[in-house]
There are 2 protein chains.
Amino acid sequence: MPIKPSDQIMHKAAWLYYMHGLRQDEVAKQLDISRASVALYLRRARDSGIVTISTSTDLFSHETLARELEDLLGLTSVWIVPEDRQALDPAAEMPVLAATVFLDLVRKGDKVGVAWGKTVYHIADVMPFADLNGVTVVQLCGNLGAPYSYRPDQCTTEIARRLNAQGINFYAPLVLSSERLAEELRAEPMIREQLASIAECDLALYSVGGIEADSHLVKCGALTPEEMRSLGERGAAGVIAGQIIDVEGRLMDCAHNRRCISADLGSIKAIPKRIMVVQEDNKYEPLVAAIKGGFASHLIVTASMGKRLKERFATSK
Amino acid sequence: MPIKPSDQIMHKAAWLYYMHGLRQDEVAKQLDISRASVALYLRRARDSGIVTISTSTDLFSHETLARELEDLLGLTSVWIVPEDRQALDPAAEMPVLAATVFLDLVRKGDKVGVAWGKTVYHIADVMPFADLNGVTVVQLCGNLGAPYSYRPDQCTTEIARRLNAQGINFYAPLVLSSERLAEELRAEPMIREQLASIAECDLALYSVGGIEADSHLVKCGALTPEEMRSLGERGAAGVIAGQIIDVEGRLMDCAHNRRCISADLGSIKAIPKRIMVVQEDNKYEPLVAAIKGGFASHLIVTASMGKRLKERFATSK
DNA sequence: GAAGGTATTTGACTTTTGTCAATCGCCTCG
DNA sequence: CGAGGCGATTGACAAAAGTCAAATACCTTC
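Fair warning: this is a prediction, and the values are worked out from it, not measured in the lab.

Definitions and limits used
Residues numbered from 1 in each chain as written. Chains lettered and ligands numbered in written order. Predicted model: local features only at pLDDT ≥ 70, side-chain atom pairs only at ≥ 80, totals over all residues. Heavy atoms only, no water. Contact = heavy atoms within 4.5 Å. Buried area = accessible area lost by both parts, 1.4 Å probe. Salt bridge = Lys/Arg side-chain N within 4 Å of Asp/Glu carboxyl O. Polar contact = N/O pair within 3.5 Å; in protein donor to acceptor, adjacent residues only side chain to side chain. Helix = DSSP H or I, 4+ residues; strand = E, 2+ residues; numbered from the N terminus. Nonpolar A, V, L, I, M, F, W, Y, C, P; charged D, E, K, R; others polar. Domains from an automatic or database assignment. Buried < 20%, exposed > 50% of the residue type's maximum accessible area, 1.4 Å probe, protein only. Pairing = 2+ DSSP bridges. Right-handed = clockwise from strand over helix to strand, strands pointing away. Axes fitted to C-alpha atoms, helices over the stretch in contact; angles between N-to-C directions. Parallel < 35°, antiparallel > 145°, perpendicular 65-115°, else oblique. Near = heavy atom within 4 Å. Least-squares fit on C-alpha atoms with pLDDT ≥ 70 in both. Phe/Tyr/Trp six-rings, centres within 6.5 Å; stacked < 30°, edge-to-face > 60°. Lys NZ or Arg CZ within 6 Å of the ring centre and 35° of its normal. Expected span 1.5 Å × (residues − 1).

A.B. asks: Would you mind going over the interface of chain A and chain B with me for this structure?
C.D. replies: Size of an interface, as often reported, equals the accessible area lost when the parts are brought together. Between chain A and chain B, the contact holds 38 residues from the first and 38 residues from the second. Roughly 3400 Å² of surface becomes buried between chain A and chain B when both sides are summed, with 61% attributable to carbon and sulfur atoms. Linking chain A with chain B are 2 salt bridges, by the criterion used here. Glu70(B) is the partner of Lys12(A) in a salt bridge, and the nearest nitrogen-oxygen pair spans 3.5 Å. For the pair chain A and chain B, the interface holds 14 residue pairs in polar contact (both at pLDDT 80 or more). The set of elements that each furnish at least two residues to the side of chain A that touches chain B consists of helix H1 (5–19), strand E1 (51–53), helix H4 (58–73), strand E2 (77–81) and helix H6 (93–105) of chain A. Looking at the side of chain A that touches chain B element by element, the count peaks at 9 residues for H1(A). For the side of chain A that touches chain B, a count of residues per class yields 19 nonpolar, 10 polar and 9 charged.

A.B. asks: What exactly am I supposed to notice about the domain arrangement of chain A here?
C.D. replies: Entries for chain A in the domain assignment read domain 1 (1–59) and domain 2 (86–302). For domain 1 of chain A versus domain 2 of chain A, the distance between C-alpha centres works out to 52 Å.

A.B. asks: Looking at this model, I keep getting lost on the pairing of strand E4 (residues 136–139) of chain A. Mind explaining?
C.D. replies: Within a regular strand, the side chains alternate between the two sheet faces. All names here are of chain A. Taking every second residue as pointing to the same face, both faces of E4 are buried, with Thr136 and Val138 on one and Val137 and Gln139 on the other. As judged from the 4 bridges shared by strand E3 (residues 111–114) and E4, these two strands associate in the parallel manner. Of the residues in E4, the one forming a bridge with Val112 is Val137. Handedness of the crossover joining E3 and E4 through helix H7 (residues 118–126): right-handed.

A.B. asks: It is not clear to me how the packing of helix H9 (residues 179–187) of chain A against helix H10 (residues 189–197) of chain A should be interpreted in this structure. Could you clarify?
C.D. replies: For any two helices packed against each other, the geometry comes down to the angle between their axes and how far apart the axes lie. All names here are of chain A. In the contact formed by H9 and H10, the axes pass within 5 Å of each other and the chain directions differ by 80°. Relative to H10, H9 is oriented roughly perpendicular. On H10, the residues touching Leu185, Arg186 and Ala187 of H9 are Pro189, Ile191, Arg192 and Leu195. Residues that form the contact of H9 with H10 fall into these classes: 5 nonpolar, no polar and 2 charged.

A.B. asks: Just checking my understanding: could you explain the protein's contact with DNA strand D for this structure?
C.D. replies: Around DNA strand D, 14 residues are found, and the nearest of them are Gln24(A), Arg35(A), Arg43(A), Ser34(B) and Tyr41(B). The sugar-phosphate backbone supplies 69% of the atoms of DNA strand D found within 4 Å of the protein. Between Tyr17(A) and DNA strand D, the recorded distance is 3.0 Å, taken from a side-chain N or O atom to a phosphate oxygen. At 2.8 Å, a side-chain N or O of Arg35(A) approaches a base oxygen of DNA strand D. Secondary-structure elements contributing two or more residues to the surface near DNA strand D are helix H3 (35–47) of chain A together with helix H3 (35–47) of chain B. Residue contributions to the surface near DNA strand D peak at 5 residues, all from H3(A). Within the surface near DNA strand D, the residues separate by chemical class into 6 nonpolar, 3 polar and 5 charged.

A.B. asks: Would you mind going over the relation of the copies chain A and chain B with me for this structure?
C.D. replies: Relating the two copies of this chain is a rotation about some axis coupled with a shift parallel to it. Aligned on chain B, chain A shows an RMSD of 0.2 Å; the corresponding rotation is 179° and the shift along the axis is 0.0 Å. Expressed as an axis order, the relation between the two copies is that of a two-fold axis. Judged by C-alpha distance, Thr52(A) is the residue of chain A that lies nearest the rotation axis, at 3.1 Å. Taken as a fraction of all interface residues of chain A, those also at the interface in chain B reach 100%, which identifies the copy contact as same-surface.

A.B. asks: Before we go on, may I ask you to explain the packing of aromatic side chains in this structure?
C.D. replies: Centre-to-centre distance and the angle between the planes together describe a pair of aromatic rings. Scanning all chains against the criterion turns up 2 aromatic pairs over all chains. Consider the rings of Tyr17(A) and Tyr18(A), whose centres lie 4.9 Å apart with planes at 90°: the pair is edge-to-face. The ring of Trp79(B) has Lys12(A) lying over it, and the distance from NZ or CZ to the ring centre is 5.9 Å. We note Arg312(A) situated over the ring of Phe313(A); from NZ or CZ to the ring centre the distance is 5.3 Å.

A.B. asks: Teacher, can you tell me more about helix H8 (residues 152–163) of chain A here?
C.D. replies: Working note: α-helix, 3.6 residues per turn, so residues spaced by three or four point in the same direction. Residues and elements named next belong to chain A. With 12 residues, H8 should cover 16 Å at 1.5 Å per step; its first-to-last C-alpha distance of 17 Å lies within 8% of that length. Of the surrounding secondary structure, the elements contacted by the buried residues of H8 are H6, E3, H7, E4, strand E5 (166–168) and strand E6 (203–206). Taken from the residues just after H8, Asn164 is the one with a positive phi, measuring 60°.

A.B. asks: Honestly, unusual backbone geometry in this entry has me stumped. Any pointers?
C.D. replies: Trans is the prevailing form of peptide bonds, just as negative phi is the prevailing case for residues other than glycine. All names here are of chain A. The phi torsion at Asp32 lies on the positive side, around 60°, for a residue other than glycine. Along the chain, Asp32 falls in the loop between helix H2 (24–31) and H3. Accessibility expressed as a relative area gives 66% for Asp32, which makes it exposed. Located in the positive-phi region is Ala241, a residue other than glycine, with phi close to 50°. Checked against the element boundaries, Ala241 lands in the loop between strand E7 (236–240) and strand E8 (243–246). Its relative accessible area of 5% is what places Ala241 among the buried residues.

A.B. asks: Explain the packing of helix H2 (residues 24–31) of chain B against H3(B) here, please?
C.D. replies: Residue and element names in this part refer to chain B. The interhelical angle for the contact between H2 and H3, taken along N-to-C directions, is 105°, at an axis separation of 8 Å. Between H2 and H3, the angle is such that the two are roughly perpendicular. Listed contacts from H3 to Gln24, Asp25, Val27 and Ala28 of H2 are Arg35, Val38, Ala39 and Leu42. Class assignment for the residues of the contact of H2 with H3 results in 5 nonpolar, 1 polar and 2 charged.

A.B. asks: Hey, could you run me through the protein's contact with DNA strand C in this one?
C.D. replies: What surrounds DNA strand C is a group of 15 residues, the closest being Ser34(A), Tyr41(A), Gln24(B), Arg35(B) and Arg43(B). What you see for DNA strand C is that sugar and phosphate hold 66% of its atoms within 4 Å of the protein. A distance of 2.9 Å separates a phosphate oxygen of DNA strand C from a polar side-chain atom of Arg23(B). Here a phosphate oxygen of DNA strand C sits 3.3 Å away from a polar atom, N or O, in the side chain of Arg46(B). Of all elements in the fold, only H3 of chain A together with H3 of chain B reach the threshold of two or more residues within the surface near DNA strand C. Within the surface near DNA strand C, the residues separate by chemical class into 7 nonpolar, 3 polar and 5 charged.

A.B. asks: Mind showing me how you'd approach the pattern of salt bridges here?
C.D. replies: Between side chains of opposite charge, a pair can form when the charged atoms approach closely. Going through the model one piece at a time under the given rule, you end up with 30 salt bridges over all chains. Of the charged contacts in the structure, one is a salt bridge between Arg67(A) and Glu70(A), with a shortest N-O distance of 2.9 Å. Taken together, the residues span about one helical turn, with Arg67(A) and Glu70(A) both in helix H4 at a distance of 3 residues. Residue Arg67(A) is classed as buried on the basis of its relative accessible area of 1%. For Glu70(A), a relative accessible area of 7% gives the class buried. We note a salt bridge from Arg162(B) to Glu158(B), for which the minimum N-O separation is 2.8 Å. Residue Arg162(B) and its partner Glu158(B) are located together in helix H8 (residues 152–163), separated by 4 residues, close to a single helical turn. Salt bridges here are not isolated pairs; linked through shared partners, they connect Lys12(A), Glu63(B), Arg67(B) and Glu70(B).

Below you can see the structure in the form of structure tokens.
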């Protein structure tokens, strides 16, 4: 078959319109056809994939990855931190970005829930001072014993202080030694009220924990390395607000979770804006589980993590 | 510098608009900004080169080359014949395309000028039969002696016959043995009239000749190989309607041209639509000269020739 | 050569987009 | 702490693009 004349005129119209920036009526005049035909050809050109959004520039490749992840994971917004910057000063770039995003999303009168961990602590550390009177910062989970360095109440308090907001701490341990005691404590009016109020949060800021032998839960003594390993064998994948979730992001049915005083996972998922910040690349499996569980609506990750997530979720459907 | 927030929102707007095909007001709603802002971001996105016309598909790569040549050479229209097709049956694809283009451009009542050569002869040979009453086909140059196979009058006559048009032949030799005789013949009313009428043509169809030892002008005995070589040394580059042009496409000041009875080059350039068809890849230098001289408004070449032209003219400015 | 079906083209109308002056919010500097 | 500058944002209007029914050209097929 010879060259299709309609292809030529279509391409020519697209060229003049998109490359030269002519208007449709100018293209029509130049090709000596009606403007309606130009519109038709342009539609076909778009449909046949001549016109695309380019992702060439390096500045935009991360943005593109972010958009793809938003589409793929059904998230509201994704931010990708370039690898090199993250490597340069792991503690700086991502927490600063997270703090910016956080400030951008918080509104006067909001109630924000904050979990605990190194990541959140770092974010609190670089949070700019602001006057967000009327904002309430609540802890999403119980407290850890004194010796541990990144304490839940510290995170809450520090963020509240910087925002000039009201900080509400959680006066209960994260993990108790018996299920019975945990149950009784959860039934206490003050604790129950505080836990119930988490569902009313407008915004959550947290990360996801890993289940390795050196994870926070093990380091703080809540679980022994053996218990953690055993949970991993039973399908555990990560930690959300002190609680173990499985690979699908569901609350694990285990003794630890029953001994835990923390936000109900359903309540967390019900928070409209859930900012999840993941710095470490070895948090891949936990993050996948957290995303499957619907714990994130806003995600901040490194480029390499973003790429892994893209591959993971692109093939899964 | 951290990630620019305005970049993110710009990219996000472009993504939703161009990739998801949302309308500006939908994008505005989703990003919670005004539609005017969306329009602003989209403009910036286009300006920063996020949105481009893609040239990826192989079907369109030739079209893209054609568009680039149109822009680069300032031509109205360029057609590229794919290499493989041309190689398959060199005599078929390009002449068919040329005939199609010719038929597409000719209008009732037009006067069309036709030159001579193997290429034009082949085009005439595949020209479909049509009823173009009112069209006049004129010869652009004088005739050659009987023994030569691709005669100017044959081309004219055959095309006129197929189109059911009026063919006007040229009753003078292309080359005379003396300059004086050529001058006198050109002064003859009938010849002068015919030559003058060429400027009134609406359409021209021709190729460009080479200046090698086996070129038409040599083979038909108008010039000896030595004369041709000598002209080449003086800057000759090609042949237009029997006349020698230099590398810039200007009429050479030489005895041959003075002995020639052919269309005035200025008259040819004044023809609104000038279809130049070049089949052979060794016609590169002649074609460059012809293009520089402004002898083409519509060009039909092979992909390899197109690429060479693109390189040649891309660097020249 | 007429009939019938299909693809293309167009004019007229509606919807969407581009633009710009006015406004808003924010930051800096006195 | 207020004035002033500056970029971002918006509302409203003008311009451009999208759409669709009707008309037209264009093939087949009988």
